[in-house]
Amino acid sequence: MSGQSITDRITAAQHSVTGSALAKAVCKATTHEVMGPKKKHLDYLIQCTNEMNVNIPQLADTLFERTANGSWVVVFKALITTHHLMMYGNERFIQYLASRNTLFNLNNFLDKGAMQGYDMSTFIRRYSRYLNEKALSYRLVAVDFTKMKRGIDGVMRTMATEKLLKTLPIIQNQLDALLDFDANPNELTNGVINTGFMLLFKDSIRLFAAYNEGVINLLEKYFDMKKNQCK
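First, a word on scope: everything that follows refers to the structure included in this document. Everything quoted here is computed from the prediction, not taken from an experiment.

## Focus: unusual backbone geometry
Here the phi dihedral of Gln116 falls at roughly 70 degrees; this positive angle occurs in a residue that is not glycine. Take Gln116: it is sitting in the loop between α6 (91-99) and α7 (117-141). Although it is not a glycine, Asp182 adopts a positive phi angle of roughly 50 degrees. Structurally, Asp182 can be placed in the loop between α8 (161-179) and α9 (191-221).

Below you can see the structure in the form of structure tokens.
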């Protein structure tokens, strides 16, 4: 389906009537068009996360509501929009997601009614698990591994042994969840999955760098550790 559907237009119009610019922007970022969310809508939502008068829980809830849609396109784009805001929005957004007990419950999602529905539903289930893991990581360590300071005086290189031994498995779990997305080039068949894949690719580089620096730090500390820590 190309262009916005009638449903998209009606939903956007309803939000115009109720005066919810936030919900309208979420709706426009997650239309039925088989392409990634438009930059102007993502930029507007990023700006919203920086406005102190914007209700972050309401923004998150609106995105969660979009994942209740039956269309793989809408759900995938809601996940992409959420991921984009976790990466580029104000830290308040990921802090709120991390404070929730549950985020996305899409383990059984399946769109049987559309072309590519079966294939894309598989990636939606994997993608949602990664975003859940990303939020959980933040809850456990109160930092986004993809944004932390790197280099010789970076967070992972200067972390104390005790904390390092707790933090590395958390990074590993997040990286494992990301790699479980497991899309090969033949499966990157449309603008929606391509957009999600690029966000995951950027996260993977930063996660690997953080993990790598942590392991270097661990090896440097190895001979000063207690026996149980070495094990």
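There's plenty left to go through after this.
## Considerations on the packing of aromatic side chains
According to the stated counting rule, one finds six aromatic pairs in the structure shown. Ring centres of Tyr127 and Phe181 lie 5.9 Å apart, and the angle between their planes is 70 degrees; this geometry places the pair in the edge-to-face category. Here the residue Tyr127 occupies a position in helix α7, and Phe181 occupies one in the loop between α8 and α9, the gap between them amounting to 54 residues. One aromatic cluster in this structure is built from Trp72, Phe76, Phe123, Tyr127 and Phe181.

## Brief notes about the pattern of salt bridges
Side chains that differ in charge, positive against negative, can pair when their charged atoms come close. One pass over the structure, following the stated rule, counts six salt bridges. Measuring nitrogen to oxygen at the nearest pair gives 2.9 Å for the salt bridge that ties Asp61 to Arg100. Separated by 39 residues along the polypeptide, Asp61 in helix α4 (residues 56-66) and Arg100 in the loop between α6 and α7 bring together distant segments of the chain. Given the relative accessible area of 31%, Asp61 is considered partly exposed. Note on Arg100: relative accessible area 23%, which makes it partly exposed. We note a salt bridge from Arg157 to Glu220, for which the minimum N-O separation is 3.1 Å. Of this pair, Arg157 sits in the loop between α7 and α8 while Glu220 sits in helix α9, and the two are 63 residues apart along the sequence. Linked through salt bridges whose partners overlap, the residues forming this network are Lys134, Asp144 and Asp203.

## A short note on α8
End to end, α8 covers 27 Å across 19 residues, agreeing with the expected 27 Å (1.5 Å per residue, within 8%). Among the residues of α8, those classed as buried are Thr161, Leu164, Thr167, Leu168, Ile170, Ile171, Gln174, Leu175, Ala177 and Leu178. Against α7, α9 and α10 (227-230) lie the buried residues of α8.

Conventions we followed
Residues numbered from 1 in each chain as written. Predicted model: local features only at pLDDT ≥ 70, side-chain atom pairs only at ≥ 80, totals over all residues. Heavy atoms only, no water. Helix = DSSP H or I, 4+ residues; strand = E, 2+ residues; numbered from the N terminus. Phe/Tyr/Trp six-rings, centres within 6.5 Å; stacked < 30°, edge-to-face > 60°. Salt bridge = Lys/Arg side-chain N within 4 Å of Asp/Glu carboxyl O. Buried < 20%, exposed > 50% of the residue type's maximum accessible area, 1.4 Å probe, protein only. Expected span 1.5 Å × (residues − 1). Contact = heavy atoms within 4.5 Å.

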